[in-house]
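# Understanding the architecture of this molecule
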Amino acid sequence: MRVSFTKMHGLGNDFVVLDAREASLPDMTGAMARALADRRTGIGCDQVIVLEPSESADFRMRIFNSDGSEVGACGNASRAVAILHGEAARVETAGGAIAVEPRDGCAAVDMGLPRFGWEAIPLAYAMDTGAMPVGWGELENPMAVNVGNPHVVFFVEDANAVDLAALGSGIENDPLFPERINVNVASLAGPDHLALRVWERGAGLTRACGTGACATAVAAIRKRLVTSPVTISLPGGDLVIEWDGGGSGDGAGPIRMTGPASEAFRGSFEWDDFA
Ligand SMILES: N[C@H](CCC[C@H](N)C(=O)O)C(=O)O
C-alpha cells in the first residue's frame with residue numbers, strides 16, 4: 001500500500017505527518033513509528049503524527065516519539081497540523097482537547113489547563129511539584145507540570161552551560177517518573193524572556209519543544225520569575241506563551257502558545273517497507 005506523508009517542522013522540531021482522516025490507514029504501531037522516524041534508514045523525524053477522524057472534535061491527532069512511544073501532546077506538531085488543516089479546529093489528543101488556529105506562517109494553540117498535582121504529572125510518590133527536593137548532578141530543585149504530557153523544569157544561571165546530553169536520559173528514565181518525563185533547562189534571557197533547552201522523553205535533544213515551552217513558562221510565572229506573555233527562546237527559535245493562571249491551584253486559565261510552523265516537503269512510501 002503506497003502512503004503519502006507531509007514532512008513538517010516547528011522551529012526545527014520535525015514531523016512526518018500521515019493524514020488518515022479521509023482514507024483510513026492500517027493502525028500505526030510503535031515499531032513502525034520508530035522505523036519511519038529513523039534518520040538513517042527511515043524518513044527521519046522527532047515525532048510521527050497521525051491524523052484520524054474524531055467523535056469529539058474536528059479530528060484526532062496521535063503522537064509517536066522517535067522511540068515509538070505514543071504520547072499525549074506535542075505543541076510544535078499542533079501548530080504544524082493547524083497550518084496543514086488550513087483553518088481553526090478543535091483537535092482531540094490523548095492528553096486532552098486543544099484548539100488550533102492557523103495564521104500566515106504561524107499558528108496559535110490553546111493547549112488547555114496545566115496540572116500541578118504530583119499524581120497528575122505523574123510522580124511515583126507525593127511531593128511538592130513547586131519545589132521538588134531532588135537533584136541529578138548540577139540540576140536540582142525543579143518544578144513539574146503536566147501540559148497534556150509530563151515535564152520537569154530546572155531553572156539555572158545559564159541553560160546553555162548545562163550538559164543536557166549527558167544528564168537528560170538519566171532524568172527522563174528516573175523511577176520518580178512512572179511515565180518518564182520531558183526535561184527542561186531554562187535561564188533568564190531578559191524581562192519576561194527565557195532561554196530553554198529540552199531533552200524530550202522518547203526523542204532526546206530536539207531543536208524545540210512546544211509543550212516544554214508551555215511547561216517552562218507556566219513554572220516561571222508560578223515562581224514569579226516572569227509575567228505573561230513570556231518569550232521562550234529555543235535553539236530553533238522563539239515561541240510566545242500566555243497564561244494568566246498564576247494561582248497555586250491547578251492553572252486557572254488555559255495556556256496559549258503562538259509561533260511558526262511550516263511544511264518542508266511531501267512524499268510517499270510503501271507501508272509494508274516499514275510495517
Ligand atoms: N517528547 C514529548 C512529545 C513531543 C513534545 C514536543 N515535540 C512538543 O513540541 O511538544 C513527550 O514524550 O511527551
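Calculation notes
Residues numbered from 1 in each chain as written. Predicted model: local features only at pLDDT ≥ 70, side-chain atom pairs only at ≥ 80, totals over all residues. Heavy atoms only, no water. UniProt positions renumbered as here; feature names shortened; annotations may be inferred. 1 Å grid on protein atoms, 1.4 Å probe; cavity = no way out; pocket = protein on both sides within 12 Å on 5 of 7 lines; lining within 4 Å. Helix = DSSP H or I, 4+ residues; strand = E, 2+ residues; numbered from the N terminus. Contact = heavy atoms within 4.5 Å. Near = heavy atom within 4 Å. Polar contact = N/O pair within 3.5 Å; in protein donor to acceptor, adjacent residues only side chain to side chain. Areas by Shrake-Rupley, 256 points an atom, 1.4 Å probe, with all protein chains shown as cover. Sits in = over half its atoms within 2 Å of the grid points. Buried < 20%, exposed > 50% of the residue type's maximum accessible area, 1.4 Å probe, protein only. Pairing = 2+ DSSP bridges. Domains from an automatic or database assignment. Buried area = accessible area lost by both parts, 1.4 Å probe.

Turning to the UniProt feature "active site" (unreviewed entry) in the protein, a few remarks are in order. Under the present numbering, the feature "active site" (unreviewed entry) in UniProt falls on Cys74 and Cys209. Spanning 136 residues, the named residues nonetheless gather at one spot, since no C-alpha pair among them exceeds 7.7 Å. As for the annotated residues named above, the ones lining the largest cavity are Cys74 and Cys209. Secondary-structure assignment places Cys74 in the loop between strand E5 (70-71) and helix H2 (75-85). When neighbours within four sequence positions are excluded, Cys74 is seen to be in contact with Asn13, Phe15, Gln47, Met61, Ile63 and Thr211. Tracing the chain through its elements places Cys209 in the loop between strand E15 (204-205) and helix H4 (210-222). Leave out the neighbours within four places in its chain, and Cys209 touches Asn76, His151, Val198, Glu200 and Leu234.

Attention shifts here to the site of the ligand. Close contacts around the ligand come from 15 residues, with Gly75, Asn149, Glu200, Arg201 and Thr211 the closest. At 2.8 Å, a side-chain N or O of Asn149 approaches an oxygen atom of the ligand. In isolation the ligand exposes 360 Å². Once the protein is present, 100% of that is buried. Judged by its atoms lying within 2 Å of the grid points, the ligand is housed in the largest cavity. For the shell around the ligand, the elements supplying multiple residues, two or more each, are H2 and H4.

Every second residue of strand E6 (residues 89-93) is oriented toward a common face, the buried set being Ala89, Val91 and Thr93 and the non-buried set Arg90 and Glu92. Between E6 and strand E7 (residues 96-103), which follow one another and run antiparallel, lie two residues.

A word on the domain arrangement of the protein. The domain architecture assigned to the protein consists of domain 1 (2-112 + 261-273) and domain 2 (135-253). On a C-alpha basis, the centroid separation for the pair domain 1 and domain 2 is 23 Å. When domain 1 packs against domain 2, close to 1300 Å² is buried across both sides, 51% of that on carbon and sulfur atoms. Counting the surface domain 1 buries against domain 2, the share from its top three residues, Leu11, Ala73 and Met111, is 37%.

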